[in-house]
Amino acid sequence: MSFSFDLLGQDGAARAGMLHTAHGDVPTPTFMAVGTAGTVKAMTADAVRATGAKIVLGNTYHLMLRPGAERVARLGGLHKMMDWPGPILTDSGGFQVMSLAKLRKMDETGVTFRSHIDGSAHHLTPERSMEIQYLLDATITMVLDECTKFPATHEEAAKSMRLSTRWAKRSRDAFVARDGYGQFGIVQGNVYKDLREESAAALRELNFEGYAIGGLAVGEGQEMMYAMLDITAPLLPTGKPRYLMGVGTPDDLLGSVARGVDMFDCVMPTRAGRTARGFTSHGVFNLRNARFIDDGTPLDENCGCLCCTRHTRAYLHHLFRAQEILGPMLLTMHNLTYYQRLMQDGRVAILAGNYDEYCQATRAGWEEAKH
Ligand SMILES: NCc1cc(CSc2ccccc2)c2nc(N)[nH]c(=O)c2c1
Ligand SMILES: [Zn+2]
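Residues numbered from 1 in each chain as written. Chains lettered and ligands numbered in written order. Predicted model: local features only at pLDDT ≥ 70, side-chain atom pairs only at ≥ 80, totals over all residues. Heavy atoms only, no water.

**Here we look at the site of ligand 1**
Let me state the cut-off plainly: Residues are classed as near a molecule or strand on a simple rule: at least one heavy atom within 4 Å of it. Counting of polar contacts relies on pairs of N or O atoms within 3.5 Å, with two restrictions inside protein: one atom must be capable of donating a hydrogen and the other of accepting it, and residues adjacent in sequence are counted only when both atoms are side-chain atoms. We get accessible surface area from the Shrake-Rupley algorithm with a probe of 1.4 Å; when it comes to residues, only the shown protein chains can shield them.
Ligand 1 sits among 18 residues. The nearest are Asp 91, Asp 145, Gln 188, Gly 215 and Leu 216. One nitrogen or oxygen atom from the side chain of Asp 145 is found 2.8 Å from a nitrogen atom belonging to ligand 1. With respect to ligand 1, the side chain of Gln 188 contributes an N or O atom lying 3.0 Å from an oxygen atom. In the complex, 94% of the free accessible area of ligand 1, which totals 510 Å², lies under the protein chains.

Dropping the structure here:
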């Protein structure tokens, strides 16, 4: 079956859809759990499935360095290695090189860098990034791009975006098309309307299976991010999925879905789970806070996850104070479940035509934790 996206409903700019892939279907809007080095941190594959997640992320940069793309392929691919038979989206590696690698140099051919793990030298080109994602057997492949720094002048942003556009063409030419597999272009252009328009138009020419909006959530703030979504989302094909990279908080997700985004990823729920921060329908709680020491109630009474149905806030408080590994495990499980519920309930609201009311009620619930 082919890689396809069904648009099932709209409420203003918000969309509800179904993504069909070789590894299964994904209802949208959807939140993708980040499994950077071939694992969603502190979670077994069964635990990730139990959160309601349908698609997870892998990372070209981390996996090419360790255990190595050819080794993953020899071992049967990332799905087999992770025991995750569902769809996997892999980032192309450029973003991580610029944020993690040492001695990096970028030129027209690609990016040269040394591994942050063992100092070995690497040259990542659009062609090599596509080959690595093929070896990983990624369901959705991302083009190699440059995430323009923020802030950037119009000239810097134009130069960076045009390099990404040339790399997108080379990535598209190097992509091995297969039934049920897709490749996404990544719109750049920083905070400049004309550059976002130029980037989107060039990428539409290459007829990708989906489109990501890159270069946001890089310090511009929510207001500017929303302004760029209002400009960029309408430039993308209505019948193809839109993925906002590296976003965000629960509030970011509600506002970005309202502006036409279908797919998200962020380390926020997993990282917060490891640092005792729980996202709930009543707001964010720091479970290390002494006020939870005798609190025998569930973290979130509206949540059906194992953490909320079998344990209490007092137990979570104890686990984090005692630095027990079960603390991060349970809270990661909960946070990912909360993010999935946000998307699932949002999708129902979009299909029912009351997404605005859903957002208002959800935000009102978050206020409770502040009192
Ligand atoms: N902070 C925003 C952000 C995040 C990511 C990383 S998203 C990710 C992370 C891990 C695994 C899979 C995807 C990006 N990736 C690319 N290729 N381009 C961007 O502009 C960009 C911007
Ligand atoms: Zn829960």
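**Details of the layout of surface pockets**
Definition in use: With a 1 Å grid laid over protein atoms only, a set of points is called a cavity when a 1.4 Å probe fits there but cannot get out and a pocket when it is open yet has protein on both sides within 12 Å along at least five of seven lines; lining residues have an atom within 4 Å of a point. Grid points are joined across faces, edges and corners, and a volume is the space filled by probe spheres set on the points. Strands here are runs of E lasting at least two residues and helices are runs of H or I lasting at least four, both read from the DSSP assignment and numbered beginning at the N terminus. Polar here means any residue outside two lists: the nonpolar Ala, Val, Leu, Ile, Met, Phe, Trp, Tyr, Cys and Pro, and the charged Asp, Glu, Lys and Arg; Gly therefore counts as polar.
The space that makes up the largest pocket amounts to roughly 790 Å³. For the lining of the largest pocket, the secondary-structure elements that each account for two or more residues are strand E5 (56-59), helix H5 (94-100) and helix H11 (268-274). Within the lining of the largest pocket, the residues separate by chemical class into 16 nonpolar, 14 polar and 7 charged. Space inside the second largest pocket adds up to approximately 280 Å³. Taken together, Met 106, Asp 107, Glu 108, Glu 146, Cys 147, Thr 148, Lys 149, Glu 156, Lys 159, Ser 160, Leu 163 and Arg 166 make up the lining of the second largest pocket. Put simply, the parts of the chain that give the lining of the second largest pocket at least two residues each are strand E7 (102-107) and helix H7 (154-174). For the lining of the second largest pocket, the element with the highest residue contribution is H7, accounting for 5 residues. Taken together, the residues of the lining of the second largest pocket sort by class into 3 nonpolar, 2 polar and 7 charged.

**So, the side chain of Ser 256**
Stated formally: The buried label applies to any residue whose accessible area, calculated with a 1.4 Å probe on protein chains only, is under 20% of its type's maximum; exposed applies above 50%, and partly exposed to all values in between. Residue contacts follow a heavy-atom distance rule, with two residues in contact if any of their heavy atoms lie within 4.5 Å.
Topologically, Ser 256 is positioned in helix H10 (residues 250-257). A residue is classified by how much of its surface remains accessible, and Ser 256, at 0% relative accessible area, is buried. Those residues in contact with Ser 256 that lie beyond four places of it in its chain are Met 225, Tyr 226, Leu 229, Leu 244, Val 247, Val 261 and Phe 264.

**Remarks on the pattern of salt bridges**
For clarity, the threshold we go by: Throughout this description, the term salt bridge denotes a Lys or Arg side-chain nitrogen within 4 Å of a carboxyl oxygen of Asp or Glu.
Per the stated rule, a full pass over the model turns up 17 salt bridges. Across the pair Glu 131 and Arg 128 runs a salt bridge whose closest N-O atoms are separated by 2.8 Å. Taken together, the residues Glu 131 and Arg 128, both in helix H6 (residues 126-135) and 3 residues apart, mark about one turn of the helix. On the basis of relative accessible area, Arg 128 is assigned to the partly exposed category, the value being 22%. In this structure, Arg 363 and Asp 251 form a salt bridge, with 2.6 Å as the shortest nitrogen-oxygen distance. In this pair, Arg 363 sits in helix H15 (residues 355-367) while Asp 251 sits in helix H10, placing the two residues 112 residues apart along the sequence. By relative accessible area, Asp 251 is classed as partly exposed at 24%. Each of Asp 46, Arg 49 and Asp 83 takes part in a single network of salt bridges with overlapping partners.

**Examining the pairing of strand E12 (residues 210-213)**
Defined as follows: For two strands to be treated as a pair, DSSP must find no fewer than two bridges joining them. Looking down the strands as they point away from you, a crossover is right-handed if its path from the first strand over the helix to the second goes clockwise.
Neither face of E12 is exposed, since Gly 210 and Ala 212 on one face and Tyr 211 and Ile 213 on the opposite face are all buried. Pairing geometry for strand E11 (residues 182-187) and E12, over 4 bridges, is parallel. Bridged to Gly 185 within E12 is Tyr 211. Each parallel crossover has a hand, and for E11 linked through helix H8 (residues 193-205) to E12 it is right-handed. The sheet contact formed by E12 and strand E13 (residues 242-244) spans 3 bridges and is parallel.

**Focus on the sheet that holds strand E6 (residues 88-91)**
Sheet strands line up and pair through hydrogen bonds in the backbone, either parallel or antiparallel. Selection rule: Between N-to-C directions, angles cover 0 to 180 degrees, with each direction set by a line fitted to C-alpha atoms, over the stretch in contact for helices.
Pairing is parallel in the closed barrel, where 8 strands are placed in the order E4-E5-E6-E10-E11-E12-E13-E14. The mean angle between the axes of side-by-side strands here comes to 30°, regardless of whether they run parallel or antiparallel. With 3 bridges connecting them, strand E4 (residues 30-34) and strand E14 (residues 263-265) associate as parallel partners. Following the sheet pairing, Thr 30 is matched in E14 by Met 263.

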